Amino acid sequence: MFTRFRRKRINPVLRNLLQETHLTVNDFIYPLFIRSGEGVKNEVDSMPGVFQMSIDEAIKECETLKSLGIYSILLFGIPDIKDSVGSDAMCEHGIIASSIRAIKEAHPDMFVVTDLCFCEYTDHGHCGVLDPVLETVDNDITLGNLAKQALVHAKAGADMIAPSGMMDGMITAIREGLDSGGFSHIPIMSYSTKFSSAYYGPFRDVAESSPSFGDRRSYQMNPANRREAILESLADETEGADILMVKPALAYLDIVRDIKENSSLPLAIYNVSGEYSMLKMAAKAGVIDYEKVMMETMIGFKRAGADIIISYHAKEVAELLNK
Ligand code: PBG
Ligand code: ZN
């Protein structure tokens, strides 16, 4: 026997020298959910450790994040009033615009990414304007609204826009909107390959964005499709997306690798709500070593090809990395 892999596993220093994939706090974006009010910090039953917060609380939270070395957040707004088009999302005094302004004013060094969609803002809970005949989102009318929403975010001070609605042509529409408004310097991180997934369940509790009828299968992708998953991301690259994304993460790491190999753009993964809740609940039940399983999951994302990890675990991961 000449080849012995174990020779390189005995000494812990050598093990570290040979580690191929590394995790740092710089890899993470932390999602925040903002609603109106003051001093509001409501924990979500299905996602222990995740809160709906008012703006003042979110500002405090950013202080904590920075102390951990996390300087990127992904903002979701929960409006007081919903309507059929999601007007609050396109309003300069809406919850999302107000949040961006206040957070950037208090923390100019925080990199504020905004989720760009309509499902939290529409009374029917779908990701755009409805086509009454097809009973699904009207793609092309929604495009105009996405461009409007992007401009509202950019004017309020957003550093990067992350459209998550899976509309065809959304990157072109948003890019044109931003550029014509003088925001050609604002990057777009596209939720380019987003599957129609039951793993979003707990998110819809925290964001109050469950569709009131049907589901999102007429715009989000079929989990069974691999070739289409690559095409979706490549189309957004062609349209000018700056960063691509695969969402969810855990059940889709083959897709992460596929896209990594088919595009040279940076790639984000979204470690979604259901994935987070599964670990939390397993920890509560005492069936896993939570910290170890969490870190193993994160390194798996990097190894699969992720450059950026969007995760509700980000704070806990940072605490461990900073030890
Ligand atoms: C909005 C949006 C969703 C998520 C991120 N942006 C929900 C959905 O598409 O239903 C899911 C995030 C998560 O589950 O953590 N379009
Ligand atoms: Zn949506």
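Bear in mind that the values here come from a model prediction, so they are computed numbers and not experimental data. (Residues numbered from 1 in each chain as written. Chains lettered and ligands numbered in written order. Predicted model: local features only at pLDDT ≥ 70, side-chain atom pairs only at ≥ 80, totals over all residues. Heavy atoms only, no water.)

Caption draft 1: Summary view of the site of ligand 1. Around ligand 1 sit 16 residues, and of these Lys194, Arg204, Lys247, Ser273 and Tyr312 come closest. Contact distances for ligand 1 include 2.9 Å between an oxygen atom and a side-chain N or O atom of Arg216. Contact between ligand 1 and Tyr312: an oxygen atom at 2.6 Å from a side-chain N or O atom of the residue. Isolated, ligand 1 exposes 400 Å² of accessible area, and the fraction of that covered by the protein chains is 100%. Of all the cavities here, the one that holds ligand 1 is the largest cavity. The class makeup of the residues in the shell around ligand 1 is eight nonpolar, three polar and five charged. (Near = heavy atom within 4 Å. Polar contact = N/O pair within 3.5 Å; in protein donor to acceptor, adjacent residues only side chain to side chain. Areas by Shrake-Rupley, 256 points an atom, 1.4 Å probe, with all protein chains shown as cover. 1 Å grid on protein atoms, 1.4 Å probe; cavity = no way out; pocket = protein on both sides within 12 Å on 5 of 7 lines; lining within 4 Å. Sits in = over half its atoms within 2 Å of the grid points. Nonpolar A, V, L, I, M, F, W, Y, C, P; charged D, E, K, R; others polar.)

Caption draft 2: The environment of Phe33, seen in detail. Position of Phe33 among the secondary structure elements: in strand E1 (residues 28-35). Judged by its relative accessible area of 1%, Phe33 falls in the buried class. Each C-alpha atom of the pair Phe33 and Gly77 lies 5.9 Å from the other, and the pair is 44 residues apart in sequence. In this structure Phe33 touches Val50, Phe51, Gln52, Met53, Phe76, Ile78, Phe203, Val206, Ala207 and Tyr312, once residues within four positions along its chain are discounted. (Helix = DSSP H or I, 4+ residues; strand = E, 2+ residues; numbered from the N terminus. Buried < 20%, exposed > 50% of the residue type's maximum accessible area, 1.4 Å probe, protein only. Contact = heavy atoms within 4.5 Å.)

Caption draft 3: Main features of the pattern of salt bridges. Summed over all chains, the structure comprises 14 salt bridges. Residue Asp179 pairs with Arg175 through a salt bridge whose shortest N-O separation is 3.0 Å. Linking Asp179 with Arg175, this pair stays in helix H5 (residues 170-180), spanning four residues, or about one helical turn. Among the salt bridges present, the one from Lys260 reaches Asp307, with a minimum N-O distance of 2.7 Å. A residue pair is termed long-range when its members are at least 10 positions apart, and Lys260 in helix H8 (residues 253-262) and Asp307 in the loop between helix H10 (290-304) and strand E12 (308-311) qualify at 47 residues. Lys260 gets classed as partly exposed once you look at its relative accessible area, which sits at 26%. (Salt bridge = Lys/Arg side-chain N within 4 Å of Asp/Glu carboxyl O.)

Caption draft 4: Geometry of a positive patch on the surface. The grouping of Arg4, Arg6, Arg7, Lys8 and Arg9 at the surface amounts to a positive patch. Secondary-structure assignment places Arg4 in the segment before helix H1 (12-17). (Patch = residues over 30% accessible without salt bridge, like charges linked within 9 Å, V, L, I, M, F, W, Y side chains within 5 Å. Lys, Arg positive; Asp, Glu negative; His and termini not counted. Charge placed at Lys NZ, Arg CZ, Asp CG, Glu CD.)

Caption draft 5: Up close: the side chain of His107. In this fold, His107 is placed in the loop between helix H3 (95-106) and strand E5 (111-116). Among the polar contacts listed, one links the side chain of His107 to the backbone oxygen of Ile59, at a separation of 2.8 Å. With sequence-adjacent residues up to four places away left out, His107 is seen in contact with Ile59, Cys62, Glu63 and Lys66.

Caption draft 6: How the structure looks around the coordination of the zinc ion (ligand 2). Of the protein atoms, only Cys117 (SG), Cys119 (SG) and Cys127 (SG) coordinate the zinc ion (ligand 2), at distances of 2.2 to 2.3 Å. Around the zinc ion (ligand 2), the four donor atoms sit at angles spanning 93 to 125°, and that spread fits a shape best called tetrahedral. Considered as a linear motif, the donors of the zinc ion (ligand 2) on their single chain read C-x1-C-x7-C. (Donors = N, O, S within 2.8 Å, 3.2 Å for Na, K, Ca; no water. Tetrahedral: all angles 85-135°; square planar, octahedral: opposite > 155°, others 65-115°.)

Caption draft 7: Quick peek at the nonpolar core. Formed by 103 residues in total, the largest nonpolar core has its most connected members in Phe33, Ile73, Leu74, Leu75, Leu178, Met189 and Tyr270. The greatest single-element share of this core, amounting to seven residues, is contributed by helix H4 (residues 139-156). Every residue in contact with Leu75, bar those within four places of it in the chain, is listed here: Leu32, Ile34, Ile96, Ser99, Ile100, Ile103, Val112, Val113, Thr114 and Asp115. (Core = buried A, V, L, I, M, F, W, Y, C linked by side-chain atoms within 4.5 Å.)

Caption draft 8: How the structure looks around empty space enclosed by the protein. Summed over all chains, the structure comprises two cavities of 30 Å³ or more. Surrounding the largest cavity, 18 residues form its lining, Cys119, Lys194, Tyr200, Phe203 and Lys247 being those nearest its centre. Class assignment for the residues of the lining of the largest cavity results in eight nonpolar, four polar and six charged. Of the voids in this model, the second largest cavity is the one considered here, and its volume is about 30 Å³. As for the second largest cavity, its lining consists of Tyr30, Pro31, Leu32, Phe33, Val50, Phe51 and Met53. Those elements that place two or more of their residues in the lining of the second largest cavity are E1 and strand E3 (47-53). (Points joined across faces, edges and corners; volume = space filled by probe spheres on them.)

Take it as geometry only, folks, not as evidence of what the structure does.
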